[in-house]
Each structure stands twice: as structure tokens, then as C-alpha cells.
Amino acid sequence: MQRVFNGFLGLGKMGGSRQGAPHGFTVLEAVFASAILAIGLSGVFQLSAGSMAANQSQRNLVFASGLAQNLAECWQVNTAICLSQFQASQLADALSNEAGVQFERSWLITSISTSSKDPQLLQNLQISVKWPRQDKIGSSVELHWHIRRASTPTWVGL
Amino acid sequence: MKSNRGMATLWTASCLVFITSLLAWMTLQSVMSETKRSQNQLHTAQALAISESLLETSIALIDSTYSGQNVAIDAAFWRNASQSQCPPKHASLQWQCLRWTGAMSPFDKGIAALAWPDSIDTSNSFVLFLRDVKLAPHKVKIWVQVSLNTEQAGSGSRATVQQSVYIPISSPWVAPELQTPPPIDTKPCVPVVWQKLFGSTSPAQLKAISEAQTQSGLSSQTKPSRSVYWIDSPLTWTQSLGTQGEPVVLIFSSLACAVQCPEIATQAAITGLVYFQSANACQNPVPQLFVQAEAARFEWPTGIDATRVQRVSGSWKNGGL
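Cut-offs applied
Residues numbered from 1 in each chain as written. Chains lettered and ligands numbered in written order. Predicted model: local features only at pLDDT ≥ 70, side-chain atom pairs only at ≥ 80, totals over all residues. Contact = placed C-beta atoms within 7 Å. Helix = DSSP H or I, 4+ residues; strand = E, 2+ residues; numbered from the N terminus. Pairing = 2+ DSSP bridges. Buried ≥ 20, exposed ≤ 12 C-beta atoms within 10 Å, placed from the backbone. Core = buried A, V, L, I, M, F, W, Y, C linked by C-beta atoms within 7 Å. Domains from an automatic or database assignment.

Draft legend 1. Local environment of the interface of chain B and chain A. At the junction of the two partners, chain B supplies 49 residues and chain A supplies 48 residues. Contributions of two or more residues to the side of chain B that touches chain A are made by helix 1 (2-66), strand 4 (158-166) and strand 9 (310-312) of chain B. Looking at the side of chain B that touches chain A, the element that brings in the most residues is helix 1 of chain B, giving 31 residues. For strand 5 (residues 154-155) of chain A and strand 9 of chain B, the ladder comprises two bridges, and the chain directions are parallel. Bridge pairing in strand 9 of chain B places Trp155 of chain A opposite Val312 of chain B.

Draft legend 2. Structural context of the pairing of strand 6 (residues 248-252) of chain B. Residue and element names in this part refer to chain B. For strand 6, the buried fraction is high: five of the five residues fall into the buried class. Neither face of strand 6 is open: one carries Val248, Leu250 and Phe252, the other Val249 and Ile251, and all of them are buried. Here strand 5 (residues 228-231) pairs with strand 6 via four bridges, running parallel. Directly across from Trp230, in strand 6, lies its bridge partner Ile251. When strand 6 meets strand 7 (residues 272-276), the two strands line up parallel, connected through five bridges. When the bridges of strand 7 are listed, Val248 appears paired with Gly272.

Draft legend 3. Representation of the environment of Ile111 of chain B in the model. Residues and elements named next belong to chain B. Topologically, Ile111 is positioned in the loop between strand 1 (95-101) and strand 2 (126-132). For Ile111, a count of 19 C-beta atoms within 10 Å gives the class partly exposed. As for Ile111 and Ile19, which are separated by 92 residues in sequence, their C-alpha atoms are 68 Å apart. Residues in contact with Ile111, not counting those within four places in the same chain, are Thr65, Ala76 and Phe77.

Draft legend 4. Geometry of the nonpolar core. Of all hydrophobic cores here, the largest spans 86 residues; its most connected members are Ala68 of chain A together with Ile142 and Val249 of chain B. Top element by residues in this core is helix 1 of chain B. It accounts for 12 residues. Taken domain by domain, the makeup of this core includes at least three residues from each of domain 1 (43-169 + 306-318) and domain 2 (192-296) of chain B. For Ala68 of chain A, the contacting residues outside a window of four places in its chain are Ile127, Val129, Leu143 and Trp145 of chain A.

Okay, structure coming up:
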């Protein structure tokens, strides 16, 4: 076998080789080593890519759920800002996170029928948040969030 | 020795790959555990939102049941309540507990149960209505436990919330001001004595409280004992009731007094208040008064409008009883 790499990393001189014997690695050894390294690195690359994609996807999901929960909380308190946001029963708005992903949030308020004279005693808020998928161009992910609210007041004193 | 050199190369390459893979694996594990944690947090938030929705549904159910209705609806609402449905901490007879599951409505036909929110595993979720029929029959605690169903990503995630509401089953008692009674011929007949003793709590409300205590299993022999008795029978009363620590209110209704108010046997000692609801209370307003009607006065916040259902401020809690 012809020696092609002499003294690579100094390994060729290790091991007490005999005088006159050619030093270095065989092509076959180098090919094997490279193949193992390539397989290993491709596995590592895939793992990293997978974990990054999962991380990004989860980040988007957390952001979307945050948008939904924020709106749901706002619906349950009667502050001026929140009241102005819900003047119409159905609306949509667009928001983006720090990575530039666009989120579209829409909601719908419906009344649930009860035996009360007040038709709005029990209401349901349905929130939908949609954002594009990172791994599939043209498709999107949607998160649905539901919350109910009774108009029964709280006694807070005189 | 040549083969040894090859082995060293392979060994080194393998070690590098192994170490790199190990690092990558550890990074992946870290990312995945963070992802999992984040997912669990999302599922918990979802379960909490659903449990709040069910709590609001339960409050709306109580509101629609009691508001603008005859107080007799109280008995219909609690008809299927039982001690066995109470949690261990509320094992005493004075607690009335009613468990509402998604699979079965415990209410009478006159009460329309509301639909539960979607996403709930009805076999593992419930609403528990509790109240203390002796000390606070006007305050209902609603305890909700929810588990997400298999259609949800976070299947099995649980959340528990609770809140209390005031129901219009009694009224705050306010000491009446002393004033000269209006002439009978110019004003409509007002049973002044009833108001003096029970305030604006109506006879129907006290009757409902009496029925609630009976339904709960309270009697003169139990611990704690029953405190409100609404009697429709004209027969002579022979039972001794009440102690200094636990006085009673005994009301003989207009039905019992239709012909002649019933007598109380001489051997019957009653510690508390005996009230005869004469057919014409204006003409016969004198009750047999031993002590004040404490047993029929319940704690209300000052100035509250007790005619409608209201949430008790600060009673919302995330967690078990």
C-alpha cells in the first residue's frame, strides 16, 4: 500500500516503527476516517438542525399563545384600553415577533343561551392566531383559544 | 506496527466523532427539555383557561337560576345534594354539596344546565357547589376541576379554580330605627314585628333556609344542630330546641296558624326565638321572644344589594379547597 500522508499529526512516527519502513497513512485509512467523521458530523448537523427547528417552532407557539392569552385577559377586565379593543365583536390584527415572523390574530365574541333575561349573561370569546410554518413554505399553523365570561358583578363594597 | 498506526487514526477519528456527537446530543436534550417545559406550561395555561370558562359557566348557571326567580328555586337547585359529595374537609352535616359532572346534570327539570366548554374530559372533570347551610346559606362556593380531553395536545392536563358568590336567599339585617308607627287606616298593613326581627329577609327565604337545613340532614340531635325551623303543622310543639351556644329560630307559618296558632308544650324548652306568623300579622304581632333571632341573621357586607347574585370579592383562587 502506498503511503500518501507522511507525518500527519505526527501519528505516522508513533508506535516505534521500524527503520526504513514508509511512514504515514494509507488512502483506505484516510477514507475510512473521513467516512466516519462525515457520518458523525452529518448526524450532528441533523440533530442541530432538528433541535433548532423545534426550538423555533416552539418559540412561535409560545408567542402565539401569549398573544391569545393577552387578548383573553384583556377581555376579562373592563379597562378603557381593553374596552376599546373589543368595541366590535369580530376583528383581526397583525403582529410580528423579534424574528420577523408575522402573526395574524382574530377573535369572535358569541353569546351563550341561558334562562336569564340578560342575553349577554354568558359570553364566549374565540381567539385564533395564525402564523406561517418555517419548514413548509405556503402552509401555516393555527392556535385556537376559548374563554367564557359571565357578566355577574363582583361586590367590591360601597 | 503499521496496523497500529491505522488503528490510532481510526481511534482518534472515532473519539472526535463520539465527543462531538455527545455534545450535540446533550445540546439536543437541553433544547428538547426546554421545549417540553414550554409545552407543559402552554398546556397548563390552556387547562387553566378552560377551568375558568367552566367556572364562569357555573356562575352564569347560578345567576340565571336565582335572579328574578322565586326563592323556592333554591330547593330545586340543591335537591340532589348530599354529604357523600363533600370533600373530606367539609364532612360536617352543615355543608351542603352538589357535584355537577359533564355526563349528568344533578338539577331538577326546572333548571336548565348549561353546556360545558369544549376540550374537557367530562369523566375526569367536575363542578362542586358547596355552602354552609347553618352559618352562611347565602354564600355558595364553586369549585371547578378540569382535565383536558384526548383531542387536545395537552391531554390530561389539569387545573382547579374556585370562587364564591352571594345568592339572594337572605338579606342583611339592620337594626330598625325607633319611630312611631303610621296610622293603620292611611298606610298599608306592614308586619312591623317581622321586619324588626328578621329585617328584609322574607318568610319565603327563611322557609328556604329551613328546607336547606332539613335537606342537609341537620336536626336537633346532630352536631352541629339545626338552627332554623319553619313549621307548617298546627300540632302542639313538644320538642326542646336550642342551647345558649346554638340558639334556634322557630317559625310557625301562617298555614300552621290558619285556625289557631299551635301551642308549645310546657315541657318543651326552646332557647331562641319563637315566631307565630298569624294570618293577619298586623293584628297579632306579638312573638314569644326569648333571645334575639341570631340564628336567622347571616353575615353580609354592609350596603350590599342582596337581591341579586354577586361574586364575593377576593374569593377567586387557583387551587383545591
